[in-house]
Every structure is written in structure tokens, then in C-alpha cells.
Amino acid sequence: MTILLMDALPHRDAWAEALREKLPGHEVRVWPDVGNADEIEHAVACFPELGELAKLPNLKAMHSLWAGIDHVTRDPDMPWSVPLIRMVDHSLTQGMLDYVTGHVYRFHLTMPAFEALQAQAEWHQQVPPLVEERSVGIMGIGVLGSVIAKQLAGLGFQVRGWARTQKTIDGVDCFAGDAGLTDFLAGTEILVLLLPNTPETADIVNDETLAKLPAGATLINAGRGTLIDEGALIQSLDSGHLTAATLDVFKTEPLPKDHPFWAHPKISVTPHVAAETRISTASESIARNIRHLESGGSFDEIDGVVDAKAGY
Ligand code: NDP
Ligand code: OXD
């Protein structure tokens, strides 16, 4: 059984070593040393070169190193007939849980307002509400969003979630589709984006949707930069309707040096670090899926198999 690590990743030797260790008896090749392409059955990819996946005629599965698959599906020649499995991994989930919980608390405790006061050496005691008086809305309650929703509900926040299909999550008010979006937004003070990049989610945060949030709302985008109409976000912040935004992902990454987000007083930028794919645990997720398939297991039993029609 031969596995090809597709990318020119910074840590690809470590990835290859981890996969070899976890899949003894398998050959792990590292692109561009493909060898006989007919022998490759599993491709492990984050940001593969365009057209390279289509050159592997006997591929059984493609394994994305990231939870988001847009770096793989950007390839117009990607072989959609081969199942694509996105990363579902404990460390990735825990990292996102830490990131979102931390930034939700920062907004809940109105830290941007205190930071602005500190810059003016102003003592102004405006006490934040308690968690049970604060609503957090999560757009995208899939693998990551659902764990975060449960955690925030457990901490006492009023939590609501929005997805394409109706969900039931204990302690979380769930909304679905276009029909549920207005009500979802109207009751959301801290909006968290954990949607994938698809044609349907492009610029889903725009003038119209931002206006549906209550005045004073805040935004955390840990999903994809494509979710936000950047001009609409800046306008909403400048008007004071939205009070602050924390952005981890951007339409162009790295965020260009002259981009207005860097210097905007109400925007905090993190460089796509909300959740990292860590080699130790993620290589085990991939190895487990490969072992499962090799032992005759089906794709239905694997977490994260991409629905080609839905595009995520
Ligand atoms: P999932 O596929 O498990 O969840 C996606 C969620 O989005 C689902 O709830 C899905 O609805 C919902 N959704 C998709 N399309 C629509 C739509 N058109 N309308 C409404 N809801 C929609 O993905 P994960 O939770 O694993 O990851 C989410 C995203 O987070 C990734 O795609 C990636 O972009 C981003 N990410 C960012 C990282 C970072 O470091 N910043 C790290 C990891 C991930 P339904 O449940 O009905 O299918
Ligand atoms: C992502 C990831 O999809 O880091 O952004 O997994």
C-alpha cells in the first residue's frame, strides 16, 4: 500500500516519519518523488500543486490535512470521484475550542472597551453582564461549532447555532437555513463564524446580515475569510453598529501589509492560528482512517468524508 504526501509542507519530513511509524508496512512517498503513480492509493494533502491529484489513477482516498478543504478543491482537475476526507482530530477541535472560548470571553468582558479607555488613562466603571445575560451565536455547528456550542452553554452563556440542516443540541437553540437566519442573528450578541468556504457561504456576512445583529454586537471569524464582505464589515464597525471583530482568516492570506484590517482600531488580527493541525494526533487520525479502509471498512463509518454535492 503506497501513500503520497502531496505538499511542499515545511514539516513534511516529520509528517512522513509520523505516517511511516503509524502505518508500518506501508510505503510513504513525498511529492515530487512520486515514483510509479499507478501504485499510489492514498494522497495526503494540504495545498497540493494544481493538477497533481489527477495524475494518480488508482487513488482510493484523499486525506486533507486541514478541516477546510478549499485548498484541495481549488484544483479544477481534482478527481471528485475519489472520496475526500477532511481533518477531524482532537487537537484541532481542542485548539478551536480554546481560541473561540478565549475570544468570546474577551468580548463578553468588554475588553476592547477597557483597552480603549486605558489608552486614554480613563477610569470608567462599566460592569459587564453575567454569562447568563450574554448570547453567543455560532454560524456553523458541525464538528467544531457543535463542540464549542456545548462548551459555551456549559459555561452558562445563552447559545444559539445556525446550520444548513436542523440540529438538536442540548442547551443550544438551533436554527437552520435561510428561514432561520434572521431570527438567529437578531438574538446574537457575539457572532462566531465556523462555516466552510462554499459558493453558498460567500460573503454571508454582508450589509444585510450585519444589520440584523443587535446594535453593539461583536464578531469572531475563525471559519474562512470568504465568509465576510470586507467593506461591509468596516462600514459596520465605523458606524458603531458592530463594536469589535477578531479575525483569524482572510480572503487573501497572508493578509497583505497594506490591508485596512491591520490598522483598524476595532479589529484584532490573528494569522490563521485558531486551530493547528498537529502532526502527532492528526497523523494518527489519517493512519486510523487508512487502516479502517484497508480492513474493508466503509467510508460511511469515517468522520469527515466530504459531501461532494454540498462542497464541504
Ligand atoms: P463541518 O463540515 O463539520 O461543519 C460545517 C458547518 O457549517 C455545518 O454545521 C454545516 O451545516 C454548516 N454549513 C455549511 N454550509 C452551510 C450553509 N450554506 N448554510 C448554513 N450552514 C452551513 O466543519 P468543521 O466544523 O470541521 O470546520 C468548519 C470550518 O472551520 C472549516 O471548513 C474551516 O473553514 C474552518 N477551520 C478554520 C481553522 C482555523 O485555524 N481558522 C481550523 C479548522 C477549521 P450542516 O451541519 O447542516 O451540514
Ligand atoms: C483549516 C485548518 O481548515 O487549519 O483552516 O484545518
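Residues numbered from 1 in each chain as written. Chains lettered and ligands numbered in written order. Predicted model: local features only at pLDDT ≥ 70, side-chain atom pairs only at ≥ 80, totals over all residues. Heavy atoms only, no water.

A. How the structure looks around the site of ligand 2. Residues in close proximity to ligand 2 include Trp66, Ala67, Gly68, Leu92, Arg224, His272 and Ala275, which together make up its full environment. In the model, an oxygen atom of ligand 2 is placed 2.7 Å from a nitrogen or oxygen of the Gly68 main chain. One nitrogen or oxygen atom from the side chain of Arg224 is found 2.8 Å from an oxygen atom belonging to ligand 2. In the complex, 89% of the free accessible area of ligand 2, which totals 200 Å², lies under the protein chains. Class assignment for the residues of the shell around ligand 2 results in four nonpolar, two polar and one charged. (Near = heavy atom within 4 Å. Polar contact = N/O pair within 3.5 Å; in protein donor to acceptor, adjacent residues only side chain to side chain. Areas by Shrake-Rupley, 256 points an atom, 1.4 Å probe, with all protein chains shown as cover. Nonpolar A, V, L, I, M, F, W, Y, C, P; charged D, E, K, R; others polar.)

B. Here's a closer look at the site of ligand 1. Neighbouring residues of ligand 1: 28 residues in total, closest Arg86, Val143, Thr165, Lys167 and Tyr312. At 3.0 Å from a nitrogen atom of ligand 1 is found a main-chain nitrogen or oxygen belonging to Ala222. For ligand 1, an oxygen atom lies 3.3 Å from a polar atom in the side chain of Arg224. Its free accessible area being 930 Å², ligand 1 has 93% of it covered by the protein chains. A class-by-class count of the residues in the shell around ligand 1 yields 15 nonpolar, seven polar and six charged.

C. Region of the structure containing the nonpolar core. Formed by 46 residues in total, the largest nonpolar core has its most connected members in Met96, Val104 and Ile138. If near-sequence neighbours (up to four positions away) are discounted, Met96 is found in contact with Leu144, Ile148, Leu194, Ala222, Ala274 and Ala275. In this structure, Leu195, Val205, Leu213 and Ala245 belong to the second largest nonpolar core, which totals 28 residues. (Core = buried A, V, L, I, M, F, W, Y, C linked by side-chain atoms within 4.5 Å. Buried < 20%, exposed > 50% of the residue type's maximum accessible area, 1.4 Å probe, protein only. Contact = heavy atoms within 4.5 Å.)

D. Expanded view of the sheet that holds strand β2 (residues 27-30). Across the sheet, five strands lie side by side as β2-β1-β3-β4-β5; this open sheet has parallel pairing. Edge positions in the open sheet fall to β2 and β5 (84-85), since each of these has one partner strand only. Judged from the four bridges that link them, strand β3 (residues 40-45) and strand β4 (residues 61-64) form a sheet pairing that is parallel. Across the sheet, residue Ala43 finds its bridge partner in β4, namely Met62. Sitting on the sheet, helix α1 (residues 12-22) is in contact with β1 (2-5), β2 and β3, with an inclination near 170° to β2. (Pairing = 2+ DSSP bridges. Helix = DSSP H or I, 4+ residues; strand = E, 2+ residues; numbered from the N terminus. Axes fitted to C-alpha atoms, helices over the stretch in contact; angles between N-to-C directions.)

E. Geometry of the packing of helix α3 (residues 90-108) against helix α5 (residues 143-154). One way to put it is that α3 packs onto α5 with a least axis distance of 9 Å and a crossing angle of 50°. Overall, the two elements α3 and α5 adopt an arrangement that is oblique. Crossing hand, α3 versus α5: right-handed. Seen from α3, the contacting residues are Leu92, Thr93, Met96, Leu97, Val100, Thr101 and Val104; seen from α5, they are Val143, Leu144, Val147, Ile148, Gln151 and Leu152. Of the residues assigned to the contact of α3 with α5, the class counts are ten nonpolar, three polar and no charged. (Parallel < 35°, antiparallel > 145°, perpendicular 65-115°, else oblique. Left-handed = near helix turned anticlockwise from the far one by under 90°.)

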